[in-house]
Amino acid sequence: MEARAQLNHLRISPRKVNIVCDLIRGKDVNEASAILKNTPKAASEPLYKLLQSAAANAENNHQMDPDRLYVSETYANGGPIIKRIRPRAHGRAFRINKRTSHVTIVLQEREEP
């Protein structure tokens, strides 16, 4: 059984979010929360909130034991790209792509030893 939470349209590039996702993949929920609290990246705060949401989903919707939860999957896929134009020399225009992310966290219970 698994519990998941998803955050759509996060205004941070998926490349930057995946760096933080790699830090918490496979960790216990309490350890992952501590890592996210102390990581100085912009994606840390939204991922922390998403992790808490996934843990609440596991406990309330799936009756899973909160002490045995761990992050089984976490990934960031690309969302819609907001396109902007930057004026350049000689009347030209360069495009700026403001990328967004769809982030997913999946929690599972560890098997009892």
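Scroll up for the structure.
Rules used throughout
Residues numbered from 1 in each chain as written. Predicted model: local features only at pLDDT ≥ 70, side-chain atom pairs only at ≥ 80, totals over all residues. Heavy atoms only, no water. Helix = DSSP H or I, 4+ residues; strand = E, 2+ residues; numbered from the N terminus. Rg over C-alpha atoms; globule rule 2.2 N^0.38 Å. Buried < 20%, exposed > 50% of the residue type's maximum accessible area, 1.4 Å probe, protein only. Pairing = 2+ DSSP bridges. Salt bridge = Lys/Arg side-chain N within 4 Å of Asp/Glu carboxyl O.

Visitor: A description of the overall build of the protein chain should follow, citing residues and the corresponding values.
Guide: Helix and strand counts for the protein chain come out as three helices and five strands. For the protein chain, the α and β elements follow one another from N to C terminus as β-α-α-α-β-β-β-β. In summary, the protein chain has a C-alpha radius of gyration of 17 Å against a globular reference of 13 Å for 113 residues, an excess of more than 25%. For the protein chain, the spread of C-alpha atoms along the principal axes amounts to about 70 × 25 × 20 Å. Evaluated residue by residue, the protein chain yields a buried proportion of 34% over its 113 residues.

Visitor: For the pairing of strand 4 (residues 93-98), give the residues involved together with the corresponding values.
Guide: Both strand 3 (residues 82-87) and strand 4 contribute to a ladder of six bridges, which runs antiparallel. Directly across from Pro87, in strand 4, lies its bridge partner Ala93. Here strand 3 hands over to strand 4 after five residues, with His90 in that stretch at a positive phi of 60 degrees.

Visitor: Quick one: what's the story with the pattern of salt bridges, residue by residue and with numbers?
Guide: For the coordinates displayed, the defined rule picks out four salt bridges. Between Glu2 and Arg4 there is a salt bridge whose closest N-O contact spans 2.9 Å. Relative accessible area serves as the criterion here: at 41%, Arg4 is assigned to the partly exposed category. Notably, a salt bridge pairs Glu109 with Arg68, separated by 3.5 Å at the nearest N-O pair. Highlighted residues: Glu109 in strand 5 (residues 101-109) and Arg68 in the loop between helix 3 (44-61) and strand 2 (69-78), separated in sequence by 41 residues.

Function cannot be read off these values alone, since they describe shape.
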